[in-house]
Amino acid sequence: MAIGINRAPALASTRMARRIFLLGAGSLALSGCMSTSQPPVAAAPPEPEPLATPLMYQALPDEEFAVPAVDVSQMAPEWWRREVDYETTEAAGTLVVETATKYLYHVRPGGRAMRYGIGVGRDGFSWQGRAIIAYKRVWPRWTPPDSMVARQPELEPYSIANGGMDPGPTNPMGARGLYIHQNGRDTLYRVHGTHQPWSIGKAVSSGCIRLINQDVIHLHDNVRDGSPIVVKHDTAPDLVAMAG
C-alpha cells in the first residue's frame, strides 16, 4: 500500500516564499521609482529689472507744457545724453551731427563733447553741410514747408499760410527749436524736440534732427545764437572740411 505523501504544506510553503519574493521585488521596484532622480524643472528666468529713469530724464512739470518722464524702455542707453571724448578740428561750441551714427555732438574744450542720441531724416529727406544756428525758440510753432503740405494735404491746416500748429506737448517741434541757416537763408531744417523716445536712433523724420525733449532743452540752454553746425552723412574728417 503506497503511502500517500501530503504535498500541501510544501506547496503552501513554496507559494508563500514566492509571494514574499514578489512583494519584496515590488518594494524594490517601487523604491527605485521613488529614488530615481528626475531632471530638475528649470526655473523661469527672473524678469529683468526695469531700467531706472535717470535724473536727467525725469519729468519737467514746470515747463510751459509739462514734459513727462522719458520711458527709457523705448530708448536704449546708447542714446542717452553723456559727455564723451571727441577728437575734432571743430572749435568749441560747434554742433556736429553725424547722421550715420545717429549722434549730435556739442563740442567742448579739451577734446570733449556732450553727445546726444538723435533721430534723423529718412533717405531723400536729409540735408548736409556747414551752417549756423541762426536763432532758437522755446515751445515753437510748427509750420510744415509747402513742399511737405503738397505731399501730405492733410497738413494744410498747419501750413505757413494758415499760421502753423500751436505749441504743445504733441507738436512735432517739441519743447525747443534751433533754426539752421546757411549763407543768410533758412535751410528749413531744424534741431528740435520730440515726445517719442522710440524714434531716437532711427531715420524717421522728414529731414530735421530730433532729440528727446529733455535733451533738446539741455542743448538749447547751452548753445548760443550764431553757433556753427556741421551736418554730415559720413564720419570721415575730410567730409567735414569739404561740407558747405
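Just so it is clear, the structure is predicted and the values come from calculations on it, not from any experiment.

Can you help me understand the nonpolar core in this one?
Note that soluble globular proteins tend to have their nonpolar side chains buried in a common cluster. If you look at the biggest cluster of nonpolar residues, it comprises 25 residues, and the most contacted ones within it are L104, I180, V191, I209, L211, L219 and I229. For this core, the secondary structure elements donating two or more residues are β2 (95–98), β4 (112–117), β6 (129–138), β7 (176–182), β8 (185–194), β10 (209–212), α3 (213–222) and β11 (228–232). It is α3 that contributes the most residues to this core, three residues altogether. Residues contacting I229, with those up to four places away along its chain left out, are L95, V97, G129, R130, A131, I132, I133, I180 and V191. If you look at the next biggest cluster of nonpolar residues, it comprises 15 residues, including V70, Y103, V107 and A113.

Explain the environment of E63 to me, please; I cannot follow it from the model alone.
Position of E63 among the secondary structure elements: in the loop between α1 (8–35) and β1 (82–85). The class of E63 is buried, set by a relative accessible area of 19%. Here the alpha-carbon distance between E63 and A175, two residues 112 residues apart in the chain, equals 8.6 Å. Ignoring any residue separated from it by four or fewer positions in sequence, one finds E63 in contact with W139, R176 and I217. Polar side-chain contacts of E63 include one of 2.8 Å to the side chain of W139. Within the structure, the side chain of E63 is placed 3.0 Å from the side chain of R176, a separation counted as a polar contact.

When you look at the side chain of T187 in this model, what are you seeing that I'm missing?
Residue placement: T187 occurs in strand β8. Engagement of the side chain of T187 in a polar contact is seen with the backbone nitrogen of Y189, the distance being 3.1 Å. Apart from residues lying up to four places away in sequence, T187 is in contact with W127, I180, H181 and Q182.

Would you mind going over the sheet that holds β1 with me for this structure?
By definition, the strands of a sheet pair up through backbone hydrogen bonds, in either a parallel or an antiparallel sense. The strand order across the open sheet built from nine strands is β1-β4-β3-β2-β11-β6-β7-β8-β10, with neighbouring strands paired in mixed fashion. Sheet topology places β1 and β10 at the edges, where each strand pairs with a single neighbour. Taken pair by pair, the neighbouring strands of this sheet meet at an average axis angle of 30°, ignoring direction. Sheet analysis places β6 next to β11, joined by four bridges and oriented antiparallel. When the bridges of β11 are listed, I132 appears paired with P228. Across the sheet, α3 lies against β2, β3 (103–108), β4, β6, β7, β8 and β10, angled at about 105° from β10, the strand it touches most.

Thresholds, definitions, all that
- Residues numbered from 1 in each chain as written.
- Predicted model: local features only at pLDDT ≥ 70, side-chain atom pairs only at ≥ 80, totals over all residues.
- Heavy atoms only, no water.
- Core = buried A, V, L, I, M, F, W, Y, C linked by side-chain atoms within 4.5 Å.
- Buried < 20%, exposed > 50% of the residue type's maximum accessible area, 1.4 Å probe, protein only.
- Helix = DSSP H or I, 4+ residues; strand = E, 2+ residues; numbered from the N terminus.
- Contact = heavy atoms within 4.5 Å.
- Polar contact = N/O pair within 3.5 Å; in protein donor to acceptor, adjacent residues only side chain to side chain.
- Pairing = 2+ DSSP bridges.
- Axes fitted to C-alpha atoms, helices over the stretch in contact; angles between N-to-C directions.

So yeah, pure geometry; function would need other evidence.
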